[in-house]
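# Topology and contacts: notes
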Amino acid sequence: MSSVTWGISANSHDAALAVFLDDTVVFASHSERFSGVKNDAHLNQALIEYALQWGQPQEVVWYEKPLKKTLRQFWAGQGLRFTENNVRVYLRSYGITAPVRFVGHHHSHAAAGYYTSNFDDATVVCIDSIGEFETLTIWEGTGDLLTQRYSQGYPHSIGLWYSAMTQRVGLKPNEDEYILMGMAAYGDPNRLFLDVLDDFIDTTGCGYCPTTKMKRNLHKGCLDWRPDLTTEQDMYDIAAATQQVYTYILHNIVAWCQTYMPSKNLVLMGGCALNCSANSDLYRFYDNVWIMPNPGDAGSAIGCVLAHKQKHIGTLNPYLGYFINKPYPVDELVQELKTSGIVGVANGAAEYGPRALGNRSLLADPRGAAIKDKVNDIKQRQRFRPFAPMILEEFADDYFTGPMNHYMQFTATCKYPEKYPAIVHADGTSRVQTVSGKNNIGVRQLLEAWYEETGCPMLLNTSLNIKGKPMVNTEADAQEFTNKYGVVVY
Ligand SMILES: [Fe+2]
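To keep things clear, this report deals only with the structure shown in the data block. Remember, predicted model here, so these are calculated numbers, not experimental data. (Residues numbered from 1 in each chain as written. Predicted model: local features only at pLDDT ≥ 70, side-chain atom pairs only at ≥ 80, totals over all residues. Heavy atoms only, no water.)

### Focus: a nonpolar patch on the surface
Together, Leu67, Leu71, Phe74, Leu80 and Phe82 line one region of the surface with nonpolar side chains, adding up to about 550 Å² of accessible area. In this fold, Phe74 is placed in helix α3 (residues 66–75). (Patch = residues over 30% accessible without salt bridge, like charges linked within 9 Å, V, L, I, M, F, W, Y side chains within 5 Å. Areas by Shrake-Rupley, 256 points an atom, 1.4 Å probe, with all protein chains shown as cover. Salt bridge = Lys/Arg side-chain N within 4 Å of Asp/Glu carboxyl O. Helix = DSSP H or I, 4+ residues; strand = E, 2+ residues; numbered from the N terminus.)

Below, the structure written as structure tokens:
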């Protein structure tokens, strides 16, 4: 009989739960998909009951060390939070009584990346806001051994700084960082680059050395920074400078790794690994790069179990969530795309991670100028936020130049922006999802059928969600989407 292990990341933000049968992950989902509460920090009974279909867990692995976290919070002036951080009591409140094992926050990140890569050796870089104390760690992976080589601690945190800048431009910190990244394309990075760099980053330790010190503790934000900058264009320029400074910092770290660490393979993890614009430059330093499809704290639900097991499990297939059991509706989708140009799909296992990759997607014909407004009417998003294309892998180089993969983790330059304005950002780039069929045959067949009908090998792909809510999970959620927006979902 298989042993059941649960990995849990919760009680902070973006809670998630993963189920392992022996060494195989059979289910993983963000908590929000079951509760309907976006970025839900906590577990819920619907998620737990779904996970229980694989049986009661014999062991639970928790993604960080609560005592250390409590000490840091006390040290940071956030009070003594013993009750809030009592994980065993927290889990019991959801009926989870299995023995609990604790793994370090950055160890969970590093393990999620390294053990889901196909590398026999790698340099693993984890950058986030904060774990217990750590904010930037560098690891050396050799075989199944993962060893920490460098650690930087709170309050010096690249992630906290990026979140503070997110708040400074009027967005929600810890949620809207990706919107700041999108805003950057509308700003002039040169106008405020040196101001941002000089005011926040201690460059004396920053050259070719991984240390990135902050000149101030950004845990409480930086709303007081440069009160003279108030206009909409100022916000775009701050975003552009922030993105450029982040890229500069990332370059310094990765260049140091390339020089001083032995491996030719790079794994990048932590919430900052979601910065697809900056990620594209990683290939200047490394030929082989792996970013787990869910590199933030939610991905640590898998990472903490892997840190405990210390074993490679092969490249992670991100279709691990709630399962809608019916054939992928290729003919219906193509028909609806030809008729109305836009259609929803909720089919198979939901994506584990922030991106819709074809199983919980709103799809559209990417050709022509009109479709962008049509999709925007439904999504009600800011004008600077582009949509992304999914494309048959073998055509990707005909349409785009630059790094691309199956998980939309990099940006590439579109060769025909005037033909496909809906899927090209203001800076001429697109966050491309290439489709090989290796891990999702349904999406592959859809694109093949679409190409056969139209001669166009790509579709616009954005997440299927009602504004302000998480991605559609169940068929009932899909019906709610149709009722609200009048878009058919198959
Ligand atoms: Fe983290």
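### A few points about the nonpolar core
Of all hydrophobic cores here, the largest spans 62 residues; its most connected members are Trp6, Ile8, Leu17, Leu43, Leu91 and Ile302. With six residues, helix α11 (residues 300–309) is the largest single contributor of residues to this core. Apart from the residues within four sequence positions on either side, Leu43 is in contact with Ile8, Ala10, Ala15, Ala16, Leu17, Ser31, Ile48, Tyr90, Leu91, Tyr94 and Ile96. Val196, Leu197, Ile249 and Phe285 belong to the second largest nonpolar core, which has 54 residues in total. (Core = buried A, V, L, I, M, F, W, Y, C linked by side-chain atoms within 4.5 Å. Buried < 20%, exposed > 50% of the residue type's maximum accessible area, 1.4 Å probe, protein only. Contact = heavy atoms within 4.5 Å.)

### Re the pattern of salt bridges
Applying the stated criterion across every chain, the model contains 19 salt bridges. Arg81 is the partner of Glu84 in a salt bridge, and the nearest nitrogen-oxygen pair spans 3.5 Å. The partner of Arg444 in a salt bridge is Glu394, with the nearest N and O atoms 2.8 Å apart. Remark: Glu394 occurs in the loop between β17 (388–392) and α14 (396–399) and Arg444 occurs in helix α15 (residues 441–454); sequence separation between them is 50 residues. Residue classification places Glu394 among the partly exposed residues on the basis of a relative accessible area of 47%. Linked through salt bridges whose partners overlap, the residues forming this network are Asp23, Lys309 and Lys311.

By themselves these figures say nothing about function.
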